[in-house]
Amino acid sequence: MTDPDRPAPTDGPDRGPPHGPGHAPAPDAAALARAFDALRARTAPPSDALMARVMADAAAARLAPSVDLPAPAAPPQDRPTPAAPPASSTPRPNAPPRRRTEDRARGRPSGGPARPAPRWRAGGARLAPAGLVAALAAGFVLGMVAPAAVLDPLAAVQTAVFGPPLLLEYADAADLLTD
Amino acid sequence: MAAPPHSCRDASDRVPPDAAAPTPQDPDAALLAAYAAGDLQAARMLMTRHLPRVLSFAGRLLGDPAEAEDIAQEALLRLWRIAPDWQPGRAQVSTWLYRVTANLCTDRLRRRQGARAAAPLEAVAEPADPAPGAEGRLIAADRAAALQAALRDLPPRQAQAVVLRHLEGLSNPEIAGIMDTGVEAVESLIARGRRALAAALGPRRDALGYDDDRP
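Within each chain, residues carry numbers counting from 1 in the order of the written sequence. Each chain takes a letter, starting from A, and each ligand takes a number, starting from 1, following the order in which they are written. The predicted origin of the model limits local features to residues at a pLDDT of at least 70 and limits the giving and counting of side-chain atom pairs to 80 or more, whereas totals for whole chains, interfaces and linings rest on all residues. Hydrogens are left out, water is left out, and the side-chain values use all remaining heavy atoms of the structure.

In this text, helices come from DSSP runs of H or I with a minimum length of four residues, and strands from runs of E with a minimum of two, each type numbered from the N-terminal end. Helix and strand content of chain B: nine helices and zero strands. Listing every helix and strand of chain B by position from the N terminus yields α-α-α-α-α-α-α-α-α. Counting over 215 residues, chain B shows a buried share of 50%. Two residues qualify as a contact provided that any one of their heavy atoms is within 4.5 Å of a heavy atom in the partner residue. In chain B, of all internal contacts separated by at least 6 residues, the share reaching a separation of at least 24 is 72%. About 9,800 Å² of surface is accessible on chain B, with carbon and sulfur atoms providing 52% of the total. When accessible area is computed with a 1.4 Å probe and restricted to protein chains, residues below 20% of their type maximum are described as buried, those above 50% as exposed, and intermediate ones as partly exposed. The Shrake-Rupley method, run with a 1.4 Å probe, gives the accessible areas here. Residue values count only the displayed protein chains as cover.

This paragraph deals with the overall build of chain A. Regarding its fold elements, chain A presents eight helices and zero strands. Secondary structure of chain A in N-to-C order comes out as α-α-α-α-α-α-α-α. A burial count over chain A gives 11% of its 179 residues as buried.

Let's shift gears to the side chain of B:Gln158. As for its placement among the helices and strands, B:Gln158 is situated in helix H6 (residues 156–167). Not counting the four nearest positions on each side in its chain, B:Gln158 is found in contact with B:Leu189, B:Arg192, B:Gly193 and B:Ala196.

Turning our eyes to something else, we now look at the nonpolar core. Residues B:Leu79, B:Trp80, B:Leu147, B:Leu151 and B:Leu197 are the most contacted members of the largest nonpolar core, which totals 67 residues. Ignoring any residue separated from it by four or fewer positions in sequence, one finds B:Trp80 in contact with A:Val54, A:Asp57, A:Ala58, A:Ala61, B:Tyr35, B:Ala43, B:Leu46 and B:Met47. Throughout this description, the term nonpolar core refers to a set of buried Ala, Val, Leu, Ile, Met, Phe, Trp, Tyr and Cys residues connected via side-chain atoms within 4.5 Å.

Another point: the pattern of salt bridges. All names here are of chain B. The salt bridge criterion pairs a side-chain nitrogen of Lys or Arg with a carboxyl oxygen of Asp or Glu, the two atoms within 4 Å. Under the counting rule described, the total for this entry stands at nine salt bridges over all chains. Here Asp180 ties to Arg99 by a salt bridge, and the two come within 3.1 Å at their closest N and O atoms. Taken as a pair, Asp180 in the loop between helix H7 (172–179) and helix H8 (183–201) and Arg99 in helix H4 (residues 93–112) lie far apart in primary sequence, 81 residues in all. Exposure remark for Asp180: the relative accessible area of 54% places this residue in the exposed category. In this structure Arg99 comes out as buried when scored by relative accessible area, which is 12%. Put simply, Arg110 and Asp107 hold a salt bridge, and the shortest N to O gap is 3.8 Å.

Below, the discussion takes up the packing of aromatic side chains. Residues and elements named next belong to chain B. When the centres of two rings from Phe, Tyr and Trp lie within 6.5 Å, Trp using its six-membered ring, the rings pair. Their planes under 30 degrees apart give stacked, over 60 give edge-to-face, and anything left gives tilted. Evaluation of the coordinates by the stated rule reveals three aromatic pairs over all chains. Their ring planes at 80 degrees and their centres at 5.4 Å tell us that Phe57 and Tyr98 sit as a pair that is edge-to-face. Within this pair, whereas Phe57 is found in helix H2 (residues 40–62), its partner Tyr98 is found in helix H4, the two being separated by 41 residues in sequence. According to the relative accessible area criterion, Phe57 is buried, its value standing at 0%.

Attention now moves to helix H3 (residues 65–82) of chain B. Since the α-helix turns once every 3.6 residues, residues separated by three or four places project in the same direction. Residue and element names in this part refer to chain B. Taking 1.5 Å of rise per residue, 18 residues should cover 26 Å, and H3 covers 26 Å from first to last C-alpha, within 8% of that figure. Across the 18 residues that make up H3, a large majority, 13, are buried. Contacts described as polar in this section are N or O atom pairs within 3.5 Å, which, within protein, must combine one atom able to donate a hydrogen with one able to accept it, while residues neighboring in sequence count only if both atoms come from side chains. Where H3 begins, the capping side chain belongs to Asp64, and its oxygen is found 3.1 Å from the backbone nitrogen of Ala66. Residue count minus one, scaled by 1.5 Å, sets the expected span of a helix.

Residues enter a patch when their relative accessible area is above 30% and they make no salt bridge; the linking distance is 9 Å between like charges and 5 Å between nonpolar side chains (Val, Leu, Ile, Met, Phe, Trp, Tyr). Taken together, the side chains of A:Val157, A:Val161 and A:Phe162 present a nonpolar region at the surface, about 310 Å² in accessible area. A residue is classified by how much of its surface remains accessible, and A:Val161, at 55% relative accessible area, is exposed.

The residue B:Ala30 is located in helix H1 (residues 27–36) in this model. Remark: the alpha-carbon pair of B:Ala30 and B:Ala42, spanning twelve residues in sequence, is separated by 8.7 Å.

Moving on: helix H5 (residues 138–153) of chain B. The end-to-end C-alpha distance of H5(B), which contains 16 residues, comes to 23 Å, matching closely the 22 Å that a straight helix rising 1.5 Å per residue would cover. For H5(B), the set of buried residues is B:Ala141, B:Arg143, B:Ala144, B:Ala145, B:Ala146, B:Leu147, B:Gln148, B:Ala149, B:Ala150 and B:Leu151.

All names here are of chain B. Two elements in contact, H1 and H2, have axes whose closest approach is 7 Å; the angle formed by their N-to-C orientations is 145 degrees. The two elements H1 and H2 cross, and the hand of that crossing is left-handed. Across the interface between the two elements, Pro27, Asp28, Leu31, Leu32, Ala34 and Tyr35 from H1 touch Leu40, Ala42, Ala43, Met45, Leu46, Arg49 and His50 from H2. Residues are sorted three ways: Asp, Glu, Lys and Arg are charged, Ala, Val, Leu, Ile, Met, Phe, Trp, Tyr, Cys and Pro are nonpolar, and all the rest, Gly among them, are polar. Split by residue class, the contact of H1 with H2 holds ten nonpolar, one polar and two charged. To get an axis, fit a line to the C-alpha atoms, keeping to the stretch in contact for a helix; angles then go from 0 to 180 degrees between the N-to-C directions. What makes a crossing left-handed is the near helix being turned counterclockwise from the far one by less than a right angle; a clockwise turn instead makes it right-handed.

Let us look at the packing of H2(B) against H3(B). Residues and elements named next belong to chain B. Running from N to C, H2 and H3 point in directions that differ by 140 degrees, and their axes come no closer than 8 Å. Our classification of the angle between H2 and H3 gives oblique. The element H2 and its partner H3 pack so that their crossing is right-handed. Between H2, through Ala43, Leu46, Met47, Leu51, Val54, Leu55, Ala58, Gly59 and Leu62, and H3, the contact on the second element is made entirely by Glu67, Ala68, Glu69, Ile71, Ala72, Ala75, Leu76 and Trp80. When its residues are assigned to classes, the contact of H2 with H3 shows 14 nonpolar, one polar and two charged. Angles are sorted into four bins: roughly parallel if under 35 degrees, roughly antiparallel if over 145, roughly perpendicular if 65 to 115, and oblique for all others.

Take a look at the structure:
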């Protein structure tokens, strides 16, 4: 809640921040201007040594303007000729612009919803899932059913229920039932 | 001849010769063209015109006369090197030099930051007095030293704007061209810098004799 008797704080460009108790008041604009005057009046001129260095730089730069990055007259002889860039990095003359460039030209980010969905490009590839499922099913059947079951399904059922056929043909049934 | 310092080439290398607002007439452009054609006397005239400004600007931003001389020499050296590529009418030489100097000083301050902790006020090099001996100038010397120390503690952009406005006497549009920003941003930088300077000098108000100046 603001005190109506308290003056509103001012924070203009030329006013110092409001100061609390225990802090010295900030100098006003006139005092700051006097500080600027004092600092401005104490500007030392360039020394003779500095001017001599600057003129020496000017003479050197005039005589050798390309001293920074001298252009070699000939390529270095001790280095092999740089190989040509890989063909993949060299764009073909009539190559269409890349998709990212197209997207940028259309004003939409690449990878956005306007990108076409991927699809199978080869027709035979559509049969690949069906062939895979068929192969898995065949392997499952052949692995789980013995070859004998394929040739004689009834014998396979009997073996599973009653045991091996030799035991039934030659063993004495009474021996099997008693100790 | 001392080797030119090449230690600060980061930000100032981005300054193109047409970095400031186009100006139809620049007397320095003709001198620069004459120097590029081989006239060393033109370079001397350019140095006489601009070296004091560049030196004082760098000195006020850095607070170190020796570093300021290095920066001034480097700024002029870049002017000599760019002379053959200078495009008359697209920039003022003075504006370009101020901008290169500001960038060089910014690089120097960044490098200095962290290398040494904030020095006390007594460690700041006192600005040279061209007319020593006057007893009444002791207060002025203290005020100048205090303001120099306060400028050193300002953020670099605020310090550049304040120095260019209140010590170099440039207009806000000129400062905007040098600092590559808008006039409103320059006004804001100057206002914030002045507030920070006033707050920094406030505790020393009595010692600096500001109360004695009041009528």
